[in-house]
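Residue-level listing of the chains:
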Amino acid sequence: MSSSSILSATTAMRSFWQHYRFKDCQLETKFKDRYQQLVVRAAQVWCLFQILGQILSVVVWLSRSFEAGYYWSHMPLVLIALICVASVTFAPKYATEIISVAAVLAVMSQGFSVHLLTSAIIHDAEANSLKNVFEVLKATNLTAADELQQYVGRKTAASITDGQCALSFPQVLVLAYVGFSKSTSLALILMPLVFGIVLWASPLVPNDVALSRGIVCLICTIFFAKLCARHSLLSRCSFYSERSFETALKVAVQASRKADSILNHKLKNNMADAVGDIDMFIEDVEKVGNVNPQLVVQLKQAGASLRRGMKSCRHRQVYLQLVVNNYKPSLQPVHLQKFAMELTTGRHVRLFAEDVLVMIDPVLCELILDNLISNAFAHGHPINPNVEFRAMLRPMMTAEEDRRQNNYAPGETGSSDPIVLDGKGPCSSQQIMRLTLLVSNAKNPARPEVTEDYVKDVVSGKAVKGPSTSAMSDHIGLQHSFMAADTLGMTLSLKQRAQRVTAKLEGDVIMTHAGTAVRQSAEADLQAWPENLKIYCIDDSAPARRLLFHNLTKWAATPNVRTYGQNEGEAVRFIEDTVNDADIAILDQHLEYGGEANILGTDLVAELVARRFEGLICMRSANVADEDVRAYKTAGAHCVFGKDILMKDMVRQMKQDYLQRSFMTTPASVHLADSLSSEALQFVVSSPNTADNIAVFEC
């Protein structure tokens, strides 16, 4: 670790005498929590080492006929280790204090062992190894016998003391590893003192031996104390640097997300304004009829491209979750033909799609198919790519049909029998079908043939770039398509036959046969919805206000449309007029007027709810991610619309939500129910931008 990093970290820590604790109590707590498990592991390893060491020592000398004191001298250390390992395991919060106490007791036990071992070995020498020598000297020269006994005792005590000093190093090392704290500091001070005092108290250990070994232990302890302090300082500096980096990274990520959100919001609003202006311009020129049709087609293509761009912006979080394998598919009822038409709008694509309602994840399916169609135009024939899109359903084969077609052995099967959900009425006719989505295009003669190995290399990122391939191309769109298909549990393949390249997305889906009939019934009944309703809108964008006024007047069959939001003062007037007079309120989320004059639509919604506005409250915003929708619904909004959907579709869904709300909550509007069939009331489709975008079929 560099000196600058250490210097930066030490500014956040206290002095040496305060054991380098962090000045921030919360940071100190996090540091202890971080290293607590390491301390527990160190204590457990130390205890295991002590237990095995003492057992091994006993086993090695078991063949010698030492007195019982020799063997009992190993028991205190084993007992201390067992108590320590149990304590740190069940009370890890106090692991540092426990190991400190255990280290002092272990050293005290070693000092006591010096006395017992010396006594046992001297007795063994007199009774066994030097028995004849002592007997001869005692019979002939008592003075020589006493001198020999003192010499043996001194050498034995010195040797055993040196051995116990060496065996005390693990205690010091574990304290150095645990770190510099009050308990470890006190333990390092007490260890040489306790060891020296126990030796001094033993009559078998000479005073000069006890003093000299005590001084050596003290010097060694000072060295290890310095090592302990250094280790603790570096550990804390490393922890502080890591935390500082994490904090800086979080700040950078939050700033990046905020910038991304602002950019995304501005981009979608600008695209929404551009689409609105294009739509109104096309309507105006089509009324005149004196305009080049090719220009109108090109403008429609531009509008469709802008809408696809807005959808991509809206689903950016889904793409991020997909890349990190954190996305969970969300199946929603989708009208297959309409889905295909929206996907190919503004593109020269021959379309074949069945008119059915299926349960799919529209976001990931759109991601895959949009990439496939874009690739078909980008990499297909340069003059006439001849792109086709087919969406087909077929019943799943029975096991017997599957075996016949694929030549399976008896007992094997490649697919299951169709599953029909039991129930009554038209809504019960739900069946699992095989959905096949095909995107094909004419081959570009200048490009190499699409083979199975080439596709595998593209998906794995190993594809070799050819002469016509951009140096910056990484095939990331195709990789994401295969990733999304795996997430959906569907199969995606890319093959070339003759002069056509075909991409096939295939998987099992639930099809509802009654979906189209119910939807058509609901569409017919919505024509009878009340006219001349009062719809008040607020948006800070002038093009958005013009777009709302134009389309609501046209599609909602009412001249009573008012728009607000030219300046911040109109927000107050919007609230007053809406509460007093409106049937439907439509609000933008971010009303920005520069400086501090920024108003949130959710605040206005909350005020409408607080003032008991009984009409329909709609949010129309460029920000319609799941968390945004939850915030709008929490504030009190009844429905949410993204700015990327067609105004005609928005008005249709607004009608459905208004009629159902009027039927469910307003006693005075019971006459509305008379103009609706039961199917229309039961076919409820919420905004496609909400997290709970689920069609409800009740029979």
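Residues numbered from 1 in each chain as written. Predicted model: local features only at pLDDT ≥ 70, side-chain atom pairs only at ≥ 80, totals over all residues. Heavy atoms only, no water.

On to the overall build of the protein, then. What the protein contains, in helices and strands, is 25 helices and 14 strands. Counting across all 699 residues of the protein, residues that qualify as buried make up 44%. For the protein, restricting intrachain contacts to residue pairs at least 6 apart in sequence, the fraction spanning at least 24 positions comes to 72%. When the accessible surface of the protein is totalled, it reaches about 36300 Å², and 59% of it is carbon and sulfur. (Helix = DSSP H or I, 4+ residues; strand = E, 2+ residues; numbered from the N terminus. Buried < 20%, exposed > 50% of the residue type's maximum accessible area, 1.4 Å probe, protein only. Contact = heavy atoms within 4.5 Å. Areas by Shrake-Rupley, 256 points an atom, 1.4 Å probe, with all protein chains shown as cover.)

This paragraph deals with the packing of aromatic side chains. Overall, the coordinates contain two aromatic pairs when judged by the stated rule. Ring centres of Y564 and F574 lie 5.5 Å apart, and the angle between their planes is 70°; this geometry places the pair in the edge-to-face category. With Y564 in strand 9 (residues 561-564) and F574 in helix 20 (residues 569-581), this residue pair connects regions lying ten residues apart in the sequence. Judged on exposure class, the residue Y564 and its partner F574 are both buried. An aromatic cluster is defined as three or more aromatic residues linked by ring pairs; in this entry it consists of Y536, Y564 and F574. It is R390 that lies over the ring of F352; its NZ or CZ is 4.0 Å from the centre. (Phe/Tyr/Trp six-rings, centres within 6.5 Å; stacked < 30°, edge-to-face > 60°. Lys NZ or Arg CZ within 6 Å of the ring centre and 35° of its normal.)

On to the packing of helix 5 (residues 95-129) against helix 7 (residues 142-167). Following both chains from N to C, one finds helix 5 and helix 7 inclined at 145°, their axes separated by 9 Å at the closest point. As for the relative orientation of helix 5 and helix 7, their crossing is right-handed in sense. Contact residues: Q110, V114, L117, T118, I121, I122, A125 and E126 in helix 5; Q149, V152, G153, T156, A157, I160, T161, Q164 and L167 in helix 7. Classifying every residue of the contact of helix 5 with helix 7 gives nine nonpolar, seven polar and one charged. (Axes fitted to C-alpha atoms, helices over the stretch in contact; angles between N-to-C directions. Left-handed = near helix turned anticlockwise from the far one by under 90°. Nonpolar A, V, L, I, M, F, W, Y, C, P; charged D, E, K, R; others polar.)

What follows concerns the side chain of E366. You can see E366 is positioned in helix 14 (residues 362-379). For E366, a relative accessible area of 16% corresponds to the buried category. Not counting chain neighbours up to four residues away, the residues in contact with E366 comprise K311, F339 and L343.

The α-helix winds at 3.6 residues per turn, so residues separated by three or four positions along the chain end up facing the same way. For helix 21 (residues 601-610), the set of buried residues is G601, T602, L604, V605 and L608. Along the long axis of helix 21, the arc covered by the buried residues comes to 155°, so they all point the same way. Phi turns positive one or two residues past the end of helix 21, at R612, with a value near 60°. (Arc of directions from axis to C-beta.)

Structurally, A187 can be placed in helix 9 (residues 182-201). Put simply, A187 and S100 are 87 residues apart on the chain and 5.6 Å apart in space, counted from C-alpha to C-alpha. Residues in contact with A187, not counting those within four places in the same chain, are S100, V104 and L175.

All right, on to the pattern of salt bridges then. Between side chains of opposite charge, a pair can form as their charged atoms come close. For the structure on display, the rule yields 20 salt bridges. Among the salt bridges present, the one from K643 reaches D539, with a minimum N-O distance of 3.2 Å. Separated by 104 residues along the polypeptide, K643 in the loop between strand 14 (639-642) and helix 23 (647-665) and D539 in the loop between strand 8 (535-538) and helix 19 (542-555) bring together distant segments of the chain. As far as burial versus exposure is concerned, K643 and D539 are alike and both buried. In this structure, R573 engages E570 in a salt bridge whose closest nitrogen and oxygen atoms are separated by 3.5 Å. Placement of the pair is R573 and E570 together in helix 20, with a separation of three residues, close to one helical turn. Connected through salt bridges with shared partners, the residues K338, D649 and R652 form a single ionic network. (Salt bridge = Lys/Arg side-chain N within 4 Å of Asp/Glu carboxyl O.)

Structurally, Q54 is set in helix 2 (residues 25-60). Taking relative accessible area as the criterion, Q54 reaches 12% and is therefore assigned buried. Distance in space between the C-alpha atoms of Q54 and P76 is 9.9 Å, their sequence separation being 22 residues. When neighbours within four sequence positions are excluded, Q54 is seen to be in contact with H74, L77 and V78.

Angle between the axes and distance between the axes: these two values describe a pair of packed helices. At a minimum axis distance of 11 Å, the contact between helix 12 (residues 316-323) and helix 14 shows a crossing angle of 80°. Here helix 14 runs roughly perpendicular to helix 12, going by the angle between their axes. Counted together, V318, Y319 and L322 of helix 12 and V363, L364 and L367 of helix 14 form the full contact between these two elements. Classifying every residue of the contact of helix 12 with helix 14 by side-chain character gives six nonpolar, no polar and no charged. (Parallel < 35°, antiparallel > 145°, perpendicular 65-115°, else oblique.)

The two faces of strand 14 match: C639 and F641 on one face and V640 and G642 on the other face are all buried. The pairing of strand 13 (residues 616-621) with strand 14 spans four bridges and is classified as parallel. The residue of strand 14 that forms the bridge with C618 is C639. Chirality of the crossover, the property in question, places the unit of strand 13, helix 22 (residues 626-635) and strand 14 among those that are right-handed. (Pairing = 2+ DSSP bridges. Right-handed = clockwise from strand over helix to strand, strands pointing away.)

In this section: the environment of K226. Residue position: K226 is located in helix 10 (residues 207-288). Residue classification places K226 among the exposed residues on the basis of a relative accessible area of 64%. Residues K226 and F180, 46 residues apart in the sequence, show an inter-C-alpha distance of 9.3 Å.

Attention now moves to the sheet that holds strand 8. The strand order across the open sheet formed by five strands is 9-8-10-13-14, and the pairing between neighbours is parallel. The open sheet has two edge strands with one neighbour each: strand 9 and strand 14. In this sheet, neighbouring strand axes are inclined to one another by 20° on average, regardless of whether the strands run parallel or antiparallel. Sheet analysis places strand 10 (residues 584-587) next to strand 13, joined by four bridges and oriented parallel. Directly across from I586, in strand 13, lies its bridge partner C618. Of the strands in this sheet, strand 8, strand 9, strand 10 and strand 13 touch helix 19, which is tilted by about 170° from strand 9. Seen against the sheet, helix 22 touches strand 13 and strand 14 and runs at an angle of roughly 145° to strand 14.

Outside of glycine, negative phi angles account for most residues, and trans bonds account for most peptide bonds. The phi dihedral of N386 is positive, around 50°, even though this residue is not glycine. Here R612, not a glycine, exhibits a phi torsion of approximately 60°, which is positive. By secondary structure assignment, the location of R612 is in the loop between helix 21 and strand 13.

Residues L186, I189, L190, L193 and I197 make up a contiguous nonpolar surface patch of roughly 470 Å² in combined accessible area. Summarising the element assignment, L190 is placed in helix 9. (Patch = residues over 30% accessible without salt bridge, like charges linked within 9 Å, V, L, I, M, F, W, Y side chains within 5 Å.)

Here we come to the pairing of strand 1 (residues 332-335). By the alternation rule, side chains of strand 1 split into Q332 and V334 and P333 and H335, which are all buried. In this structure, strand 1 lies alongside strand 3 (residues 357-360), joined through four bridges in antiparallel fashion. Bridged to Q332 within strand 3 is I360.

Attention now goes to the confidence of the model for the protein. Averaged over all residues, the pLDDT of the protein is 78; the fraction at 70 or higher stands at 81%. Within the protein, the lowest mean pLDDT, 36, falls on helix 25 (residues 678-682), and the highest, 95, falls on strand 8. Every residue in residues 467-474 scores below 50 in pLDDT, and together they form seven contacts with partners more than four places removed in sequence or on other chains. Taken as a whole, residues 666-699 scores under 50 in pLDDT and shows 72 contacts with residues more than four places along the chain or in a different chain. (pLDDT = per-residue confidence, 0-100.)

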